[in-house]
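Chain by chain, the residues:
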There are 2 protein chains.
Amino acid sequence: MISKRAKYALNALRELARDEKGGPLSAAIIAERGHIPVKFLEAILLDLNRAGIILSKRGRNGGHVLRKPATEIQMAEVLRLFDGAIGLVPCVTYNYYERCEECVDEETCGIRDVFVGIRAATVKLLQSATLADVLKRERKLRN
Amino acid sequence: MISKRAKYALNALRELARDEKGGPLSAAIIAERGHIPVKFLEAILLDLNRAGIILSKRGRNGGHVLRKPATEIQMAEVLRLFDGAIGLVPCVTYNYYERCEECVDEETCGIRDVFVGIRAATVKLLQSATLADVLKRERKLRN
DNA sequence: CCTAAATCCTATATGACATATAGGATTTAG
DNA sequence: CTAAATCCTATATGTCATATAGGATTTAGG
């Protein structure tokens with residue numbers, strides 16, 4: 001299961017993608033539209049800003065916009081940012097690799113081999129799922 | 001990430017599969033071979049027994065054996081037993097379905113749509129991964 | 001029958017983490 | 001100058017995963 005932080009982040013980014021050509025959206029508005037606790041969302045938006053995914057403007061008429069086009073923001077990037085590794089076991093991830101303490105021989109572990117395959121499939125799907133793709137899916141689902 | 005309970009369970013089951021035609025294995029032996037805390041493993045084996053995956057015999061010369069052939073025990077079954085839902089969000093699972101609180105319209109949610117695809121791919125891989133398959137992979141990896 | 005070896009069972013410690021809130025400091029436009 | 005917004009730090013809070021303790025029960029064999 002992904003964390004609520006990650007889920008809220010995805011929801012917030014979807015709102016920004018929908019608004020891509022409009023003005024900046026405030027945390028309060030995003031929170032309302034996405035049914036997200038405001039203060040919690042603020043922290044999430046801060047992380048997204050620091051990670052270079054959104055651009056946040058302070059002060060009156062401030063708010064948040066996507067820093068890149070919606071075609072270039074992948075769900076994979078967002079999940080990695082908030083939840084770290086995507087794999088189901090620590091020994092199958094690229095960026096967060098960690099040996100399993102109990103592991104006897106990683107090289108010949110058949111269990112690991114299965115999880116390697118799952119990670120590959122998952123990452124592929126999460127990389128092809130950009131915010132633009134998410135909106136496209138929604139248009140399709142509405143018919 | 002899957003829980004340690006689930007990982008330990010898979011490791012323990014692999015030991016039993018390797019031993020499939022031998023006598024029952026005690027928790028102590030499995031724990032030693034799999035580098036698992038004994039008492040913790042005991043509780044896990046108890047769950048596996050209650051779930052009908054292994055058969056446990058008490059008393060002297062007691063121990064645990066697979067209740068079904070290794071070709072019929074899927075990793076999917078084991079993960080579901082210990083970690084519950086396999087999907088990355090509660091709204092995409094068959095057996096543990098739960099609506100996302102913050103969800104506005106599940107039917108047309110593009111984010112959910114992506115996770116539906118991931119769950120399908122993951123479940124497929126976990127179902128085809130039986131204990132026999134795991135052992136087969138290990139023989140292959142040793143070459 | 002007795003003992004050793006094993007599973008079975010319940011309770012509990014404990015530490016980590018995710019979720020969430022509080023309260024304010026800072027910036028910015030009008 | 002003020003209102004609206006982000007930014008920042010600290011903290012509460014509860015839940016859960018991991019793990020251990022201590023014994024009750026069963027079973028085979030000498």
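Since we're looking at a predicted model, the values are computed, not measured.

Visitor: Describe the relation of the copies chain A and chain B, and please don't skip the residues or the numbers.
Guide: Each copy of the sequence occupies a distinct position, and chain A is placed on chain B by a rotation of 180 degrees and an axial shift of 0.0 Å, giving an RMSD of 0.0 Å. With respect to symmetry, the two chain copies, as superposed, fit the operation of a two-fold axis. By residue overlap, the copies meet face to face through one surface: 100% of the interface positions of chain A are interface positions in chain B.

Visitor: Summarise the interface of chain A and chain B; cite the residues concerned and give the values.
Guide: With 43 residues of chain A at the contact, the number on the chain B side is 43 residues. Of the roughly 3700 Å² buried where chain A meets chain B, counting both sides, 68% is carbon and sulfur surface. In terms of surface lost to chain B, no three residues of chain A exceed A:M1, A:E102 and A:I111, which account for 19% of the buried area on that side. Inspection of the region where chain A meets chain B yields six salt bridges. With its nearest N and O atoms 2.9 Å apart, the salt bridge here joins B:D113 to A:R137. Counting across the interface, chain A meets chain B through ten residue pairs in polar contact (both at pLDDT 80 or more). Elements with a minimum of two residues in the side of chain A that touches chain B: α1 (4–18), α2 (27–34), α4 (75–83), α5 (110–128) and α6 (131–141) of chain A. At eleven residues, the largest contribution of residues to the side of chain A that touches chain B is made by α5(A). Here the residues of the side of chain A that touches chain B sort into 24 nonpolar, eight polar and eleven charged.

Visitor: Kindly report on the side chain of A:T108, identifying the contributing residues and their values.
Guide: Position of A:T108 among the secondary structure elements: in the loop between α4 and α5. Apart from residues lying up to four places away in sequence, A:T108 is in contact with B:E138, B:L141 and B:R142.

Visitor: Lay out the protein's contact with DNA strand D in plain terms, naming residues and giving numbers.
Guide: Taken together, the neighbourhood of DNA strand D is formed by 26 residues, with A:A27, A:E42, B:K4, B:K39 and B:R58 sitting nearest. Taking all atoms of DNA strand D within 4 Å of the protein, the share assigned to sugar and phosphate is 73%. Between A:H64 and DNA strand D, the recorded distance is 2.8 Å, taken from a side-chain N or O atom to a phosphate oxygen. Separating a base oxygen of DNA strand D from a side-chain N or O atom of B:K39 is a distance of 2.4 Å. The set of elements that each furnish at least two residues to the surface near DNA strand D consists of α3 (38–50), β1 (54–57) and β2 (63–66) of chain A together with α1 (4–18) and α3 (38–50) of chain B. Counted by class, the surface near DNA strand D contains five nonpolar, nine polar and twelve charged residues.

Conventions we followed
- Residues numbered from 1 in each chain as written.
- Chains lettered and ligands numbered in written order.
- Predicted model: local features only at pLDDT ≥ 70, side-chain atom pairs only at ≥ 80, totals over all residues.
- Heavy atoms only, no water.
- Least-squares fit on C-alpha atoms with pLDDT ≥ 70 in both.
- Contact = heavy atoms within 4.5 Å.
- Buried area = accessible area lost by both parts, 1.4 Å probe.
- Salt bridge = Lys/Arg side-chain N within 4 Å of Asp/Glu carboxyl O.
- Polar contact = N/O pair within 3.5 Å; in protein donor to acceptor, adjacent residues only side chain to side chain.
- Helix = DSSP H or I, 4+ residues; strand = E, 2+ residues; numbered from the N terminus.
- Nonpolar A, V, L, I, M, F, W, Y, C, P; charged D, E, K, R; others polar.
- Near = heavy atom within 4 Å.

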